[in-house]
Amino acid sequence: MLEPAYQADVVVVGAGVAGLSAAHRLISAGVTTAVLEAAPCPGGRMSTDKVDGFRLDRVGQLLSTAYPELRLTPGLNALVLRPFAPGVLLHGDGRHHRVGPPANTRGARGALNVARALASAPRSPSLPRGRSGGPLGAAVDQARLGAALARFAGLPVERLLARPESAAGPALASRGLPTRAVEGFLRPLLAALLCDPELTTSSRCADLALRSFASGRLCLPEGGAETLPELLTRALPAGTVRTGVRVTSVATNTVTTAEHGTFRCRAVLVATDARAAAELLPGLRVPRFHPVTVVHHTTDEAPDTGASLLLDADRGGPVAHTAVVSRVDPSRAPAGRALVTSTVLGTPPPDVDTAVRAHLARLYGTSTSRWETLAVHHTAEAVPSMRPPHDPRRPVRLLAGLYVCGDHRDTSSVQGALHSGHRASAAIIRDLGASGSLNRADPPRATPQPEPLATAQGPTESAESAEPAEAA
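So, here's what we can say about the structure.

Procedures and definitions
Residues numbered from 1 in each chain as written. Predicted model: local features only at pLDDT ≥ 70, side-chain atom pairs only at ≥ 80, totals over all residues. Heavy atoms only, no water. Buried < 20%, exposed > 50% of the residue type's maximum accessible area, 1.4 Å probe, protein only. Helix = DSSP H or I, 4+ residues; strand = E, 2+ residues; numbered from the N terminus. Pairing = 2+ DSSP bridges. Axes fitted to C-alpha atoms, helices over the stretch in contact; angles between N-to-C directions. Contact = heavy atoms within 4.5 Å. Phe/Tyr/Trp six-rings, centres within 6.5 Å; stacked < 30°, edge-to-face > 60°. Expected span 1.5 Å × (residues − 1). Polar contact = N/O pair within 3.5 Å; in protein donor to acceptor, adjacent residues only side chain to side chain. Parallel < 35°, antiparallel > 145°, perpendicular 65-115°, else oblique. Left-handed = near helix turned anticlockwise from the far one by under 90°. Salt bridge = Lys/Arg side-chain N within 4 Å of Asp/Glu carboxyl O. Core = buried A, V, L, I, M, F, W, Y, C linked by side-chain atoms within 4.5 Å.

1. Here we look at the pairing of strand S18 (residues 338-345)
Most of S18 is tucked away: eight of the eight residues are buried. As paired strands, strand S17 (residues 319-324) and S18 are joined by five bridges and run antiparallel to one another. Bridge pairing in S18 places Val319 opposite Val344.

2. Overview of the sheet that holds strand S14 (residues 267-270)
Strands pair in a sheet through their backbones, by hydrogen bonds, and they do so in one of two ways: parallel or antiparallel. Read across the open sheet, the six strands follow the order S10-S2-S1-S14-S21-S20; overall the sheet is mixed. Each having just a single partner strand, strand S10 (241-243) and strand S20 (397-399) make up the two edges of the open sheet. Averaged over all pairs of adjacent strands, the angle between strand axes in this sheet comes to 20 degrees, irrespective of strand direction. Against the sheet, helix H13 (residues 414-432) contacts strand S1 (10-13), S14, S20 and strand S21 (402-404), and its axis sits at roughly 165 degrees relative to S21.

3. Some points on the packing of aromatic side chains
Counted according to the given criterion, the structure contains two aromatic pairs. Where Tyr364 meets Trp371, the ring centres are 6.1 Å apart and the plane angle is 55 degrees; that geometry is what we call tilted. Grouping residues by exposure puts Tyr364 and Trp371 together as buried.

4. Looking at helix H8 (residues 203-215)
Taking 1.5 Å of rise per residue, 13 residues should cover 18 Å, and H8 covers 18 Å from first to last C-alpha, within 8% of that figure. Burial within H8 is extensive, with ten of its 13 residues counted as buried. Between the side-chain oxygen at the start of H8 and the backbone nitrogen of Arg204 there is a gap of 3.2 Å, and the oxygen is on Ser202.

5. As for the packing of helix H1 (residues 17-28) against helix H9 (residues 227-234)
H9 packs onto H1 with a crossing angle of 25 degrees between their chain directions and a minimal axis gap of 10 Å. The angle between H1 and H9 places the two elements in the roughly parallel class. Handedness of the crossing formed by H1 with H9: left-handed. Seen from H1, the contacting residues are Val17, Leu20, Ser21 and His24; seen from H9, they are Leu228, Pro229, Leu232 and Thr233.

6. Digging into the pattern of salt bridges
This model, assessed by the stated rule, comprises 22 salt bridges. Note that Glu226 and Arg55 form a salt bridge whose closest N and O atoms lie 3.7 Å from each other. Taken together, the residues Glu226 in the loop between strand S9 (218-221) and H9 and Arg55 in strand S4 (residues 54-57) connect sequence positions 171 residues apart. For Glu226, a relative accessible area of 10% translates into the label buried. Taking the shortest distance from any N to any O, the salt bridge between Arg275 and Glu381 comes out at 2.6 Å.

7. Description of the nonpolar core
Within the largest apolar cluster, 50 residues are counted, with the highest numbers of intra-cluster contacts made by Val88 and Phe185. In contact with Val88, not counting residues within four places along its chain, are His97, Arg98, Val99, Phe185, Leu189, Phe213, Leu218, Leu309 and Leu311.

8. Focus on the environment of Ala267
Residue position: Ala267 is located in strand S14. C-alpha separation for the pair Ala267 and Gly401, spaced 134 residues apart in sequence, amounts to 4.2 Å. The residues touching Ala267, leaving out its near neighbours within four places in the chain, are Asp9, Val10, Val11, Thr252, Gly401 and Tyr403.

Below, the structure written as structure tokens:
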């Protein structure tokens, strides 16, 4: 049993990236913090399996270099992001088409550059007149799409969140964009970014995703998804994170565990996934989830798509997106081997590996019969749904002494998880006044002011905006 000396000002339940990032900010403010995790290791859904020298993500959500919390979160200064090739590679009409904003997308000059880049996309000479440009349509349609992407890159977040809200699918159809660009590019792109093949996500959240795409680069963390929680854990004081501790109940000043006794504290932050949080906090709404299946293959000879993220504009099979990830991040595969990672959204077909192989053969234009399957990971509750109406700043302060954070309180992305941890830690510091440690034996610390909250997912939450626990 853990000794009473392990009591802390704040107990964080859950060692995913939201809880770990919150712990960093609390400790930086002089608040003694203990993080309890039921699993054998930190990370939650951001886990990576090691198989014969390969690093295989189990969910592997796409990141963006435009996520501000990747820069603002203490402990992630050593994070290395490996970007995909600019934009994405679309497979449509039997060909590959490069599409996406160049580095400079802001302002009128940026819009012109995007339009020119899209207008120069390869066209198949075999296509009939009017169908040039493959999935993007004619040059004028591509120019309109490019201008729209440039506008997204420059729009303030507050303006995006003030737009009328609907589901992302109908919203795309009402934006006045060319039908072919919407169906052949924006729909498959947003499905990949949101893990939502039916585009039931709030249009505001979809707009935030498009803004990140237009203003940054899609990327992967070097070494696998588990790198983020590993870096956060290593940067915390020794003994802060305790694994294998299952919490059974919480109150404003106590946390009860199954086998490790009761922790006394001044505040509790529940930083688990949405379903586990609702079990500890009755009345908390459990959202729907998007299932994700990730299939990893290896081959001696990599397809010639380089470090591109490949989308299927025709949606002719189960694969939503795929990439030779060893070209993006060489640390994920041993020398001389290529790692191809493909993502299936929604309910997978019965024989998922056979269906994925057949689809990949068409997408990459090569035989996949001799590819070796390394792993097939299916996660039924991979990504919380963000159906409208969705508030990307859902309250993190339930009542004085009891707080909650996670991607289900913001947007269902790594940015959302980190940002919710940022909001929760700021609310705790305000309420406690960062008045020093509960443990009298601890040396006094300077109390720095909390950092201003990042606004990439919306304006900051003030103390006055905190609401009591909700049933919705």
